[in-house]
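# A look at the structure
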Amino acid sequence: MTPSATPAYRRLSVEERRSQLLDAALSLFAHRAPEDVSLDDVAEAAGVSRPLVYRYFPGGKQQLYEAALRSAAEELRNCFGEPLEGPLLPRLARALDRYLAFVDEHDTGFSALLQGGSVVETSRTTAIVDGVRRSAAEHIYRHLGIAAPGPRLRMTVRMWITAVEAASLIWLDEEKQPPAGELRDWLVDQFVAVLTVTAGRDPQTAALVGALAGDDRD
């Protein structure tokens, strides 16, 4: 009688095991507030023991949360990494599609992240979140073709990024209504609107608004 074939066991490398644990943690943090996730939860989700989690994250839950947050922050930064080709507004719309898809997938975690107040929130976690905002602003300046944005344009872009975050939180609170596509279009309209207001006081922004007047977002 031929013995039944059994799958070969492959020992994970250090990086593979770390990625496995981070993926498990991100999945949990996406749908539960950080303080509601324990190391036992992460170990169970990853199918490993609690001591193994500690071996890779000796700082415990705080270190694991910060590592997961950095991973999520990198994904958020990549949302704005649209090629610098074609009309600006469709590029912005595609970036927002990716951003809102991230918000949709990580709803509870996204809310906990931006609203703060978590027991695991520290100056380091705050800096990670702020880094995402600054990276998003830098991406937008590149898409605008502006190497040295003036203070009014910088403030306008950063205010709009804050508005996108606030709208995303309200969208989650409103059970993801209106549909993501409608929210995206409204946020693009908001971007044009705030630039138009600033253009009345800033020649640099006025030149941008003039270029956007012929932009086709279809």
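Residues numbered from 1 in each chain as written. Predicted model: local features only at pLDDT ≥ 70, side-chain atom pairs only at ≥ 80, totals over all residues. Heavy atoms only, no water.

## What about the confidence of the model for the chain?
For the chain, the mean per-residue pLDDT works out to 84, and 88% of the residues sit at or above 70. Here helix α6 (residues 107-115) stands out as the least confident element of the chain, with mean pLDDT 69; helix α9 (residues 180-199) is the most confident, with 96. Confidence drops under a pLDDT of 50 for residues 1-9, and excluding neighbours within four residues, the segment shows one contact in the predicted structure. (pLDDT = per-residue confidence, 0-100. Helix = DSSP H or I, 4+ residues; strand = E, 2+ residues; numbered from the N terminus. Contact = heavy atoms within 4.5 Å.)

## Examining the packing of helix α4 (residues 60-79) against helix α7 (residues 123-144)
The interhelical angle for the contact between α4 and α7, taken along N-to-C directions, is 5 degrees, at an axis separation of 10 Å. Judged by the inter-axis angle, α4 sits roughly parallel to α7. Between α4, through Gln62, Tyr65, Glu66, Leu69, Arg70, Ala73, Leu76 and Arg77, and α7, the contact on the second element is made entirely by Arg124, Thr125, Ile128, Gly131, Val132, Ser135 and His139. (Axes fitted to C-alpha atoms, helices over the stretch in contact; angles between N-to-C directions. Parallel < 35°, antiparallel > 145°, perpendicular 65-115°, else oblique.)

## So, the packing of helix α8 (residues 151-173) against α9
Relative to each other, α8 and α9 sit at 155 degrees, their axes nearing to 10 Å. One element, α8, and the other, α9, form an angle in the roughly antiparallel class. α9 is crossed by α8, and the crossing has right-handed handedness. Residue-level contacts link Arg152, Leu153, Thr156, Trp160, Val164, Ala167 and Trp171 of α8 to Ala180, Leu183, Trp186, Leu187, Gln190, Phe191, Val194, Leu195 and Thr198 of α9. Of the residues belonging to the contact of α8 with α9, the class tally is twelve nonpolar, three polar and one charged. (Left-handed = near helix turned anticlockwise from the far one by under 90°. Nonpolar A, V, L, I, M, F, W, Y, C, P; charged D, E, K, R; others polar.)

## Regarding the environment of Glu44
Within the secondary structure, Glu44 sits in helix α2 (residues 39-46). Considered as a pair, Glu44 and Ala24 are 20 residues apart in the sequence and their alpha carbons are 8.9 Å apart.

## Quick look at the nonpolar core
Formed by 64 residues in total, the largest nonpolar core has its most connected members in Leu64, Tyr99, Leu144, Val157, Trp160 and Phe191. Contact partners of Leu144, with chain neighbours within four places excluded, come to Leu88, Leu153, Val157, Phe191 and Leu208. (Core = buried A, V, L, I, M, F, W, Y, C linked by side-chain atoms within 4.5 Å. Buried < 20%, exposed > 50% of the residue type's maximum accessible area, 1.4 Å probe, protein only.)

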